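# Tertiary structure, described
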Amino acid sequence: MDIYQLLRSHLGNALRQRAFKSPWTYRLLRQAVAAQKKHYPWQAAHRLLLNTIDQAAAAFLQKGPVVWHNVFFPTEILYGLGVIPFAPEAAAVVATGLGIARGALRRAEGDWVSGEACSFHRLAHGCDREGYFPPPGAVVCSSHLCDTAPQSLETTAAYHGVPFYLLDVPHRQDAGALDYVARQLKSITFSLAKSLNLEWDGERFREALVNSNAARERLQAVNRLRQQRPACIRGEEAHSFIYPMLAGFGAATSVEVYGQLADELGRRYREQHRAVPEEKARLLWLHLRPYYPNAIFQLLEREAGAVVVFEEMSHVYWEPLDPEKPFYSLARKVLSHHGLAPMARRVEAVLAMVDAYQAGGVIHFAHWGCRQSTAGLRLLQDALRERGIPFLNLEGDCVDQSKYAPGATRTRLEGFLEMLI
Amino acid sequence: MSLTAGVDIGSLTTKAVVVRDGRMAGAAVLRSGVDSAGIAEKALQEALEQAGAGAESLDGIVATGYGRIRVPFAQRRVTEITCHARGIYHLWPEVRTVIDIGGQDSKVILLDAGGKVRDFVMNEKCAAGTGRFLEVMAGALDVPVEEMGAFSQQAGQGASISSMCTVFAESEVVSLVAEGRPVAEIIRGLHNAVAQRVVAMAQRVGWEEPVAMTGGVAKNPGVVKSLEETLGTSIRVPPDPQIIGALGAALLAIG
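Residues numbered from 1 in each chain as written. Chains lettered and ligands numbered in written order. Predicted model: local features only at pLDDT ≥ 70, side-chain atom pairs only at ≥ 80, totals over all residues.

Moving on: the overall build of chain A. Helix and strand counts for chain A stand at 20 helices and 8 strands. The globule rule puts the C-alpha radius of gyration for 421 residues at 22 Å, and the 21 Å found for chain A is close to it. Along the first, second and third principal axes, the C-alpha set of chain A runs to 60 × 55 × 45 Å. Sorting the 421 residues of chain A into buried and exposed places 45% on the buried side. Taking the intrachain contacts of chain A between residues at least 6 apart in sequence as the baseline, contacts between residues at least 24 apart amount to 77%. (Helix = DSSP H or I, 4+ residues; strand = E, 2+ residues; numbered from the N terminus. Rg over C-alpha atoms; globule rule 2.2 N^0.38 Å. Buried ≥ 20, exposed ≤ 12 C-beta atoms within 10 Å, placed from the backbone. Contact = placed C-beta atoms within 7 Å.)

Before going further, it helps to spend a moment on the confidence of the model for chain B. Per-residue pLDDT for chain B has a mean of 94; in total, 99% of the residues score no lower than 70. The ipTM assigned to the predicted complex is 0.92, against a pTM of 0.93. (pLDDT = per-residue confidence, 0-100.)

Residues and elements named next belong to chain B. Judged by pairing direction, the sheet is mixed, and its 5 strands sit side by side in the order β3-β2-β1-β4-β5 without closing on themselves. Strand pairing shows two members of the sheet lacking a second neighbour, β3 (23-31) and β5 (76-77), which therefore form its edges. For strand β1 (residues 3-9) and strand β4 (residues 60-64), the ladder comprises 5 bridges, and the chain directions are parallel. Along β4, the bridge assignment pairs V7 with A63. Against the sheet, helix α1 (residues 36-51) makes contact with β1, β2 (13-20) and β3, and its axis sits at roughly 145° relative to β3, the strand it touches most. (Pairing = 2+ DSSP bridges. Axes fitted to C-alpha atoms, helices over the stretch in contact; angles between N-to-C directions.)

Across soluble globular proteins, nonpolar side chains show a tendency to be buried alongside one another. Among the nonpolar cores identified, the biggest contains 199 residues, and A:L283, B:V7 and B:V17 are the most heavily contacted of them. Not counting chain neighbours up to four residues away, the residues in contact with A:L283 comprise A:L300, A:A306, A:V307, A:V308, A:V309, A:A359, A:G361, A:V362 and A:I363. (Core = buried A, V, L, I, M, F, W, Y, C linked by C-beta atoms within 7 Å.)

A few words on the environment of A:G137. Residue and element names in this part refer to chain A. On the secondary structure map, G137 appears in the loop between α8 (119-129) and β3 (138-142). Exposure remark for G137: the 22 C-beta atoms within 10 Å place this residue in the buried category. In the structure, G137 is positioned 24 residues away from G161 in sequence and 8.8 Å away in space, judged by C-alpha atoms. Look past the residues within four positions of G137 in its chain and what remains in contact with it is P65, V66, V67, V162 and L196.

Time to look at the packing of helix α10 (residues 175-195) of chain A against helix α16 (residues 326-336) of chain A. All names here are of chain A. Running from N to C, α10 and α16 point in directions that differ by 120°, and their axes come no closer than 8 Å. The pairing of α10 with α16 is recorded here as oblique in orientation. Remark: the crossing between α10 and α16 carries right-handed chirality. Between α10, through A177, L178, V181, A182, L185 and K186, and α16, the contact on the second element is made entirely by F327, Y328, L330, A331, R332, V334 and L335. (Parallel < 35°, antiparallel > 145°, perpendicular 65-115°, else oblique. Left-handed = near helix turned anticlockwise from the far one by under 90°.)

The next subject is the interface of chain A and chain B. Contacts between the two partners involve 9 residues from chain A and, on the opposite side, 10 residues from chain B. For the side of chain A that touches chain B, the leading source of residues is helix α20 (residues 406-420) of chain A, giving 8 residues. Of the residues contributing to the side of chain A that touches chain B, the split by class is 2 nonpolar, 3 polar and 4 charged. (Nonpolar A, V, L, I, M, F, W, Y, C, P; charged D, E, K, R; others polar.)

Next up on the list: helix α15 (residues 296-303) of chain A. Residue and element names in this part refer to chain A. Those residues of α15 lying buried are I296, F297, L300 and E301. Along α15, the residues classed as buried sweep out an arc of 80° about the axis, all on the same side. Where the residues of α15 are buried, they touch α12 (235-238), β5 (281-286), β6 (306-311) and α20. Following α15 by one or two positions, G305 adopts a phi angle in the positive range, close to 75°. (Arc of directions from axis to C-beta.)

It is worth spelling out the packing of helix α3 (residues 23-35) of chain A against helix α4 (residues 43-60) of chain A at this point. All names here are of chain A. Two numbers describe how α3 lies on α4: the axes approach to 10 Å, and their chain directions differ by 180°. Regarding the angle of α3 to α4, the classification is roughly antiparallel. In this structure, α3 uses Y26, L29, R30, V33 and A34 to contact α4, whose residues at the interface are L49, L50, I53 and A57. Grouping the amino acids of the contact of α3 with α4 by side-chain chemistry returns 8 nonpolar, no polar and 1 charged.

Turning our attention to the sheet that holds strand β7 (residues 361-367) of chain A. Residue and element names in this part refer to chain A. Pairing is parallel in the open sheet, where 4 strands are placed in the order β6-β5-β7-β8. Strands with a single pairing partner mark the edges of an open sheet, and in this sheet they are β6 and β8 (391-396). Geometrically, the sheet is characterised by an average inter-axis angle of 30° between neighbouring strands, direction not taken into account. Taken together, the 5 bridges between β5 and β6 define a ladder with parallel strand orientation. Within β6, the residue paired with R282 across the bridge is V307. In the packing of α20 onto the sheet, the strands contacted are β5, β6, β7 and β8, and the crossing angle to β8 comes to about 175°.

Here we come to helix α2 (residues 80-91) of chain B. Residue and element names in this part refer to chain B. For α2, which comprises 12 residues, the first-to-last C-alpha distance of 16 Å matches the rise-based estimate of 16 Å (1.5 Å per residue) to within 8%. Counting buried residues along α2, 10 of its 12 residues qualify, which places the element largely inside the surrounding structure. Turning to α2, its buried residues number three or more, namely E80, I81, T82, C83, H84, A85, R86, G87, I88 and Y89. (Expected span 1.5 Å × (residues − 1).)

Right, let's talk about unusual backbone geometry for a bit. Along the chain, A:R229 connects to A:P230 via a cis peptide bond; the corresponding omega equals 0°. Positionally, A:P230 belongs in the loop between α11 (202-226) and α12. Residue B:E209 is joined to B:P210 through a cis peptide bond whose omega torsion reads -10°. Tracing the sequence through the fold places B:P210 in the loop between α6 (183-205) and β9 (211-214). Residues other than glycine seldom take positive phi values, yet B:D142 does so here, at roughly 60°. For B:D142, the location among the structural elements is in the loop between α3 (131-141) and α4 (148-152). A count of 8 C-beta atoms within 10 Å places B:D142 in the exposed class.

Shown next as structure tokens:
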């Protein structure tokens, strides 16, 4: 039984907003998860879950100032300030797993949030207004990669009457852009500290950057292991480890999780433990995946033996940070993202991933709300075709299950596999 | 001697083809229904009767189409993408692009010189631009769907249909009728709208000549003409385009 099933079975229809605000929920949940330790095929996943429960408990029980951030904002700043980061897009994924998405999406629709807008943000809006999310003390947001986030989060900040800080990231990556982003990061950091009455702790801030570097190093070790063949971890399993990439850099817990994952992977490679009995194809997965129950990975990996050997979201795109120059380092990290224009950068990064992970095919999950990830697909398709790499653009939605058509999805995947295998 | 069969369960029709020594020996098309397996069996039986053979003499059966998982007597299941490609390759090995418009989806398939699928693209989100779309419009116009092609060829120009949503397009059609627009022009406008949508898909996949069309909608010469005009090339249509998926499945069953 996975943790979501466990939650639903224990809380059932009583899953109400107040359950999230009770310390008993987290105590019971932690105990239940801890008791299941040996059933987890990856102990790193178990550790990640416990860490996530602790972080959720801190946010929902308001153990300190809660700062909402979008998943592209550099969280090192938040961990460095000692606040409790809360990523509404990531929480929307949990809401999907808990089965509360439908009602929350309906609430968002009733609040005039366009059905064409990104469902992560629609769902976050609905969950927040329904009282499922912890109220923020402040909201920070980066403008790059996600078009919906700045508007959605600014509205949320206004709704709660808390400060909103936007990190405006330009599309160019020159010295001027670096300076521009670094100055904003510094300003946001000290404005947050002031508005939340935080005591500045230079050592803690430095430690967040050191943690970030350590997590990066361990993630790179994980990724190097995943380049080997045959694969020792299925893409479905590996996908859960992108959470620290979106909300955990700067935390010591992310160092532990990636470190443990690297150890476990290393051991499985030494023991020649295969992800699937017969690896018939190796796939690269671009963008995110659907988080409601679906048969996509079951079909690809378990039925067809086509292993998703790497997912774009786990790509380490930035250089190590310099703790002596925190804001410039973080600005460089933000500007290094391969998804930031021009499209040629993403194409180049994807081709490098194809080579590094020996992928024979690429699946791009085109989440309907993500305009930024679909506009340049022609260039990506052409570049992959030139290299003879089959490409499937799989249209769908990551969190809105009403958009999932199992039969149509199966036909597209099987048609793609018939080209590959 | 080899005798194989292909069964294609689509959303509107179920097709069966029997192939003897690589040549088509029998075919049947039945309306799909709730009992997919029963209808598939009946279609296969009819195709076998035409071929003068019994089920016991079949060397292999491949199921395809939306309902391929509901054919218990098939040895293999292959998507309609691969089956349409295989069927067309059998008829015209030089074809490089197949446009297949069926009851609930449309697809454009690129083939290589060996008949293998190089790439494909399918319609997204809804049934706009498919056989079901045309069927609903035929109902709104009170014209038999099989006569839409002949009707549209009487029109000098097509009416402008702006929506591809089946529900909105239906109300648009009703409004055009109320305005007194000739039915032939409305039908031609619908065919043009379908063609524009499918050609956008063809461009996405990078279509190449020669082009062939399969699926039930290929029986509508009006849609084929609109597609030819929009693409700027001629399109080959097999004598019975509806059974090409089943034909491909039967050929794939050979081994």
